[in-house]
Amino acid sequence: MIGSVPTDLWIGERQIPPRSGLRFDVIDPATGVPLAQVADAGPADAMCALDLADRVQPVWAATPARRRSEILCRAYELVRARAEQFASVITLEMGKPLTESREEVGYGAEFLRWFAEEAVRIGGRTATAPAGTGQILVTKEPVGPVLAITPWNFPLAMGTRKIAAALAAGCTILVKPAPETPLTMQLLGRVFADAGLPDGVLSILPTSSAAAVSEPLIRDARLRKLTFTGSTPVGKHLVKLSADRLLRTSMELGGNAPLLVFEDADIDTAVKEAVAAKFRNGGQACTAANRFYVAQRVFEEFVDGLVQRVSALRLGPGTDPATDIGPLISAEQVSAVGALVDDATARGACVRLGGTAPSREGFFFQPTVLEGVPRDARLLREEIFGPVAPVVAFADEDEAIAAANDTKYGLAAYVFSRDIQRVARVSGALKAGMVGVNRGIISDPAAPFGGVKESGYGREGGREGIDEYLDVKYIAL
């Protein structure tokens, strides 16, 4: 399976070896053993890709929207036709169970279909000036060449929701995938080549040195847009780099999602959906529930149910059909999660389940439930990015809302209650870009994805997603 994956650079819709001749290893997180070697792009490769993107930008922007839509539709069909190959590669390089990888393929493909449909709906407006002095004509135009920097945790979906929106808007795009998971993006490059995307519209630049590739591009006046998904510290650094040129940016950054369970919630549903919100992808998602706040009246019932359900999750390699929880992405991530658990227990938290890394090959951490977590524990302040659920009791609604909002992040939040007035009240009070009500999975290609505060700005998906790649022009007639 890995042997059939392209491993050179995608520049001009064809594979090109890196100018340096260097390559880097892609590691299987389930074993710690290299899967493949991939071309290691450098600054010269990045400039070559930008030269080409800049040269073909006017042609692609002038390509009829229907034609852009048809190419995206073909890409959608090809991803669906090659779903098993994509799922297998995602599991091998990222580690998630094969069932979840298949779900990501379906989710990722939907962005191609969604933005194929949006490409032909880019609108504008006309109006008569209130003073009667003429006509106001408003149009939208592609911003120009884009640099997309994608993360490792959803290597297909995080790519398609940026690439599809940019292509639909009429922008050329350069993609720097995460070095942990470049193979999935390489397969996507082949899909677009087979779908008939013109040369130079998309380039893919895997690299082991993000700064060496991204910083020269960001400083180049021909690049007009930067879109990044990843950690908040890196996002802040990229925003600072882009500030000198006032580069258009979108930042989808870290999260610290609270999950609130009120006394009137359906506890069976809350437990089931809480497991999905926390343990999907091994907790390695920016939308993952990071802090569980549960009403005192139902606290024990919820925790007992959570422990029972989580204890049934099977840890193992994603290639094993029996696996529910795969490995973390790296040994460093295992250490980071372990340090957060150790800090919580040192401050008085009680381990109800798990709490350690098992003794086995690969980068695994046991599914973990903690209760009695003190408010000063690091894992209530920091993004865990692992299969650890800290549970805290609250006395009333005001306390729950205050605790939920006591964070610098604001990406996602979850509310469980059967009281519609409470749902409306609490959802409105939560400082988050997205709120899930009585459900643990909220991502949808047709909905705007993004956060507030230090979780970033801009939206991906939904009708709003394509606007991130369009400039508004006013013409006075």
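For clarity, every value in this text was computed on a predicted model and none was experimentally measured. (Residues numbered from 1 in each chain as written. Predicted model: local features only at pLDDT ≥ 70, side-chain atom pairs only at ≥ 80, totals over all residues. Heavy atoms only, no water.)

Asker: So what's going on with the overall build of the chain? Residues and values would help.
Answerer: On a plain count of helices and strands, the chain comes out with 13 helices and 20 strands. Taking 23 Å as the expected radius of gyration for a compact globule of 477 residues, we find that the chain reaches 23 Å, a close match to that expectation. Within the chain, the proportion of its 477 residues that are buried is 57%. For the chain, the share of sequence-separated contacts (at least 6 apart) that also reach a separation of at least 24 residues comes to 73%. (Helix = DSSP H or I, 4+ residues; strand = E, 2+ residues; numbered from the N terminus. Rg over C-alpha atoms; globule rule 2.2 N^0.38 Å. Buried < 20%, exposed > 50% of the residue type's maximum accessible area, 1.4 Å probe, protein only. Contact = heavy atoms within 4.5 Å.)

Asker: I'd love a proper account of the pairing of strand 16 (residues 388-394), names of residues and values included.
Answerer: With six of its seven residues buried, strand 16 lies for the most part within the structure. Pairing of strand 13 (residues 289-295) with strand 16, which is carried by four bridges, proceeds in the parallel orientation. Residue pairing across strands places alanine 295 opposite phenylalanine 394, the latter belonging to strand 16. By the bridge criterion, four bridges tie strand 15 (residues 368-371) to strand 16 in an arrangement that is parallel. By the bridge assignment, glutamate 371 is partnered in strand 16 with valine 391. (Pairing = 2+ DSSP bridges.)

Asker: An account of the UniProt feature "domain: Aldehyde dehydrogenase" (unreviewed entry) in the chain is requested, with residue identities and associated values reported.
Answerer: UniProt's entry tags residues 22-475 with the feature "domain: Aldehyde dehydrogenase" (unreviewed entry), counted in the numbering of this structure. In residues 22-475, the share of helix is 40% and the share of strand is 20%. The end C-alpha atoms are 50 Å apart. (UniProt positions renumbered as here; feature names shortened; annotations may be inferred.)

Asker: Tell me about the sheet that holds strand 14 (residues 350-353), residues and numbers included.
Answerer: Backbone-to-backbone hydrogen bonds pair the strands of a sheet. The strands run either parallel or antiparallel. Read from one edge of the open sheet, seven strands run 14-15-16-13-12-17-18, paired in mixed fashion. Of all the strands in the sheet, the pair left with one neighbour each is strand 14 and strand 18 (434-437). In this sheet, adjacent strand axes meet at a mean angle of 25 degrees when their direction is disregarded. The pairing of strand 14 with strand 15 spans three bridges and is classified as antiparallel. Across the sheet, cysteine 350 pairs through a bridge with glutamate 371, a residue of strand 15. (Axes fitted to C-alpha atoms, helices over the stretch in contact; angles between N-to-C directions.)

Asker: So what's going on with the domain arrangement of the chain? Which residues, and what values?
Answerer: Each assigned domain of the chain is listed with its residue range as follows: domain 1 (2-253 + 455-476) and domain 2 (257-437). Distance between the C-alpha centres of domain 1 and domain 2: 31 Å. Each partner contributes residues to the interface: domain 1 has 25 residues there, and domain 2 has 25 residues. On the domain 1 side of the interface with domain 2, the three residues burying the most area are Pro29, Trp152 and Ser455, jointly 26% of the side's total. Inspection of the region where domain 1 meets domain 2 yields zero salt bridges. (Domains from an automatic or database assignment. Buried area = accessible area lost by both parts, 1.4 Å probe. Salt bridge = Lys/Arg side-chain N within 4 Å of Asp/Glu carboxyl O.)

Asker: Tell me about the sheet that holds strand 5 (residues 125-128), and please be specific about residues and values.
Answerer: Strand order in this open sheet of three strands is 5-6-20, and the pairing throughout is antiparallel. Because the sheet does not close on itself, it has two edges, and the strands there are strand 5 and strand 20 (470-476). In this sheet, adjacent strand axes meet at a mean angle of 20 degrees when their direction is disregarded. In the sheet, strand 5 pairs with strand 6 (residues 135-142) via four bridges, with the strands oriented antiparallel. Along strand 6, the bridge assignment pairs alanine 127 with isoleucine 136.

Asker: Just give me the short version of the pattern of salt bridges, but keep the residues and values in it.
Answerer: Inspection of the entire model under this criterion finds 30 salt bridges. The salt bridge involving lysine 162 is made with glutamate 460; its shortest N-O contact spans 2.7 Å. Of the two residues, lysine 162 is situated in helix 5 (residues 157-169) and glutamate 460 in the loop between strand 19 (456-457) and strand 20; the sequence distance between them amounts to 298 residues. By the burial criterion, lysine 162 is buried, and glutamate 460 matches it. Notably, a salt bridge pairs arginine 219 with glutamate 215, separated by 3.6 Å at the nearest N-O pair. One end of the pair, arginine 219, and the other, glutamate 215, are both in helix 7 (residues 210-219), four residues apart, so they sit about a helical turn from each other.

Asker: So what about the nonpolar core? Which residues, and what values?
Answerer: A general trend in soluble globular proteins is that nonpolar side chains are found buried together. Of all hydrophobic cores here, the largest spans 67 residues; its most connected members are Val79, Ile163, Leu167, Ile173, Leu188 and Phe192. Each of domain 1 (2-253 + 455-476) and domain 2 (257-437) gives at least three residues to this core. When residues no more than four places from it in sequence are discounted, the contact partners of isoleucine 173 are Val146, Ala148, Lys162, Ile163, Ala166, Leu167, Val201, Leu202 and Ser203. Leu260, Val275, Val294 and Val391 belong to the second largest nonpolar core, which has 64 residues in total. (Core = buried A, V, L, I, M, F, W, Y, C linked by side-chain atoms within 4.5 Å.)

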